[in-house]
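Chain by chain, the residues run as shown.
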Amino acid sequence: MPDQSFLHWPFFDEHHRALAVGLESWCAENLCLGDDAAPHDLDATCRSLVRRFGRDGWLAYTAPDPGVAAPLDVRTLCLIRETLARHDALADFAFAMQGLGAGPISLFGNAEQRRALARTRSGDAIAAFALTEQQSGSDVANIAMTARRDGNGYVLDGEKTWISNGGIADLYVVFARTGEAPGAKGISTFIVPGDAAGFSVAERLDVISPHPLARVAFDHVRVPASAMIGAPGEGFKIAMATLDVFRATVAAAALGFARRALDETLKRVRSRRMFDGALADLQLVQGAIAEMALDIDAAALLVYRAAWAKDSGAARVTREAAMAKLFATERAQRVVDKAVQLHGGDGVRRGHIVERLYRDIRALRIYEGASEVQKVVIARTMLAGG
Ligand SMILES: Cc1cc2nc3c(=O)[nH]c(=O)nc-3n(C[C@H](O)[C@H](O)[C@H](O)COP(=O)(O)OP(=O)(O)OC[C@H]3O[C@@H](n4cnc5c(N)ncnc54)[C@H](O)[C@@H]3O)c2cc1C
C-alpha cells in the first residue's frame, strides 16, 4: 500500500478521502493484467476503459452535470489521475482525455452544448482536444487551420497533429483560425463530431508509451454556427483557461508514476540480498530513497496547492498550475530513473513495471506545455507582479 498520509493534508475534504479509498478498491478489481481487451489493441482497450469508467460513475467527475451549475472539482480530478497513473498509465490516459476533451465545453459551453457532456460522462462518447498543428506546437497562437464563415455555418480546413484519441473519438473540440485579428485573437473553438463528412485520420502515431494518437485532417468539414464554443476570436483564451485547469492533473499523473516507482523500489531494496545484507542497508541506496520521497512530497504539495486554489474560487491558477506541472513531471522522471537504477538489469527489461514507468513519464514533460514553456509562464506571472 502506498503512502496515503497526504490525504490528511488540509487541502482535502472528507469526500476526497472517501473517494481515494473507493477508487483504490476499484483499481484493484478492475485494472488487473489479462484484461478483456488484448493489450496490443489500444483502441479496444481504451474504449473498454471508458465504458467501465462511465458504468461505475468515475467519468461523472470529468465534466459537470449538464443540468447542474457546478464547477469541476480539480482536487478530485487530481486524486483520480494520481491513483490511476499509479496503477495503469493507459487507464489514466482514458480517464484524463474525457476531461480535457470535454474541458472547453465544461468551462465555456452554452446550455445546449453542455448537453453533450451527458454522453462523455456516461462513457457513451469519447472526447478529444485538437489544438496542436505541425508548425505550431509550443507556439499555439500560430495555428493555421481555418474556419471560414459560410451561410449559417463554418467550413473547417487544415490538419491537427498529436491528437490523443484521434481515430476513436466521437467528438473533437477543434481550434481554428476565424481571422477576427492576427495571432492569438483570431482563433475560435468548435465542436466537431467524429463522423463529420470531410474529417479523416491522416496518420496514426506510435509513441514510446502507446495510446490512441493521430494526425487528423479536415477537408471542407461543415459545422453549424451553433458548434462554436464561446464567441468568435475567443479560442486562444478558451484553450489556455482549459489547460490552466487540466495542467495540474498532468502533474498529478506524474505524481502517480513517481509513487509507483518508489513503492516498487522499496520492495526491491528490502528483498534484494547482497554484501551480507539487504540492498536497503547501503547508505547510498538510502540516500536515493530519501531523494525520491522528498521529490514526491514536494510535488504533491504543489499539485494539491494548485488544485485547492482553483477549487477555492481562483479565476486563474496559471502560476500554480505551471509550477506543479514543471516540478512534478521533471522530478517524477528523476524518481523513475532512480527506480530503474536500483532495479539493476531488471529495471531495463522490456515489460518490467519500472521500465514501463520510464517510458510512461517521458511525454508528460512535453505535452500541455513543455517544461521550458512552463518556466516562461512562471517567469511572466512573476514579472507581471505575481
Ligand atoms: C503523447 C502526446 C500526446 C499529445 N496529445 C495532444 C492532444 O491531445 N491534443 C493536442 O492538441 N496536442 C497534443 N499533443 C501535442 C503537444 O501539446 C505538443 O507536442 C507540445 O505542445 C510541443 O509541441 P511540439 O511537439 O511541436 O514541439 P515544439 O513546439 O517544436 O517544441 C520542441 C521543444 O522546444 C523547446 N521549447 C519550446 N518552446 C520553448 C520556449 N518558449 N523556450 C525554450 N524552449 C522551448 C521544448 O524543449 C520543446 O519540447 C500531444 C503530444 C504528445 C507527445
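Treat the numbers as computed from the prediction; the structure is a model and nothing was measured. (Residues numbered from 1 in each chain as written. Predicted model: local features only at pLDDT ≥ 70, side-chain atom pairs only at ≥ 80, totals over all residues. Heavy atoms only, no water.)

Student: Which residues make up the overall build of the protein chain, and what are the values?
Tutor: Helix and strand counts for the protein chain come out as eleven helices and ten strands. Relative to its length of 386 residues, the protein chain is compact, with a C-alpha radius of gyration of 21 Å against a globular reference of 21 Å. By residue count, 54% of the 386 residues in the protein chain fall in the buried class. At a minimum sequence separation of 6, the contacts of the protein chain that also span at least 24 residues come to 74%. When the 45 basic and 46 acidic side-chain charges of the protein chain are each reduced to a single mean position, those positions are 3 Å apart. (Helix = DSSP H or I, 4+ residues; strand = E, 2+ residues; numbered from the N terminus. Rg over C-alpha atoms; globule rule 2.2 N^0.38 Å. Buried < 20%, exposed > 50% of the residue type's maximum accessible area, 1.4 Å probe, protein only. Contact = heavy atoms within 4.5 Å. Lys, Arg positive; Asp, Glu negative; His and termini not counted. Charge placed at Lys NZ, Arg CZ, Asp CG, Glu CD.)

Student: How would you sum up the packing of helix 4 (residues 89–108) against helix 7 (residues 235–271)? Please name residues and give values.
Tutor: Two numbers describe how helix 4 lies on helix 7: the axes approach to 9 Å, and their chain directions differ by 160°. Between helix 4 and helix 7, the crossing angle belongs to the class labelled roughly antiparallel. Helix 4 and helix 7 meet at a crossing whose hand is right-handed. Across the interface between the two elements, Ala89, Asp92, Gly99, Leu100, Gly103, Pro104, Leu107 and Phe108 from helix 4 touch Lys237, Ile238, Ala241, Thr242, Leu243, Val245, Phe246, Ala253 and Phe257 from helix 7. (Axes fitted to C-alpha atoms, helices over the stretch in contact; angles between N-to-C directions. Parallel < 35°, antiparallel > 145°, perpendicular 65-115°, else oblique. Left-handed = near helix turned anticlockwise from the far one by under 90°.)

Student: Let's hear about the site of the ligand: which residues, and what values?
Tutor: Lining the immediate environment of the ligand, one finds 18 residues, of which Phe129, Leu131, Thr132, Ser138 and Trp162 sit closest. Here a nitrogen atom of the ligand sits 2.9 Å away from a polar atom, N or O, in the side chain of Ser164. Across the complex, the protein chains shield 66% of the 970 Å² of accessible surface that the ligand would expose by itself. Every element with two or more residues in the shell around the ligand is listed here: strand 1 (127–130), strand 3 (153–164) and helix 11 (371–383). Counting residues per element, the shell around the ligand draws most heavily on strand 3, at three residues. (Near = heavy atom within 4 Å. Polar contact = N/O pair within 3.5 Å; in protein donor to acceptor, adjacent residues only side chain to side chain. Areas by Shrake-Rupley, 256 points an atom, 1.4 Å probe, with all protein chains shown as cover.)

Student: Outline the packing of aromatic side chains, supporting the account with residue identities and numerical values.
Tutor: Two descriptors summarise a pair of aromatic rings, namely the distance from one centre to the other and the angle between the planes of the rings. For the structure shown, the criterion picks out 14 aromatic pairs. Geometrically, the ring pair formed by Trp26 and Trp58 is edge-to-face, given 6.4 Å between the ring centres and 70° between the ring planes. Of this pair, Trp26 sits in helix 1 (residues 14–30) while Trp58 sits in the loop between helix 2 (42–55) and helix 3 (74–87), and the two are 32 residues apart along the sequence. Over the ring of Phe6 we find Arg259, and its NZ or CZ is 4.2 Å from the ring centre. (Phe/Tyr/Trp six-rings, centres within 6.5 Å; stacked < 30°, edge-to-face > 60°. Lys NZ or Arg CZ within 6 Å of the ring centre and 35° of its normal.)

Student: Just give me the short version of the environment of Leu131, but keep the residues and values in it.
Tutor: Take Leu131: it is sitting in the loop between strand 1 and strand 2 (146–150). With relative accessibility at 9%, the residue Leu131 sits in the buried group. Placed 21 residues apart in sequence, Leu131 and Asn110 show a C-alpha to C-alpha distance of 20 Å. Setting aside anything within four residues of it in sequence, one finds Leu131 in contact with Val140, Ile143, Lys160, Ile163, Phe175, Ala239 and Leu243.

Student: Break down the pairing of strand 4 (residues 171–177) for me, citing the residues and quoting the values.
Tutor: Counted residue by residue, strand 4 has seven buried out of seven residues, so it is predominantly covered. Where burial is concerned, the two faces of strand 4 agree: the one with Leu171, Val173, Phe175 and Arg177 and the one with Tyr172, Val174 and Ala176 are both buried. Pairing analysis gives four bridges linking strand 1 to strand 4, with the strands arranged parallel. Looking across to strand 4, one finds that Ala128 is bridged to Tyr172. In terms of strand pairing, strand 4 meets strand 5 (residues 187–193) through seven bridges, oriented antiparallel. Paired with Val174 across the bridge in strand 5 is Phe190. (Pairing = 2+ DSSP bridges.)

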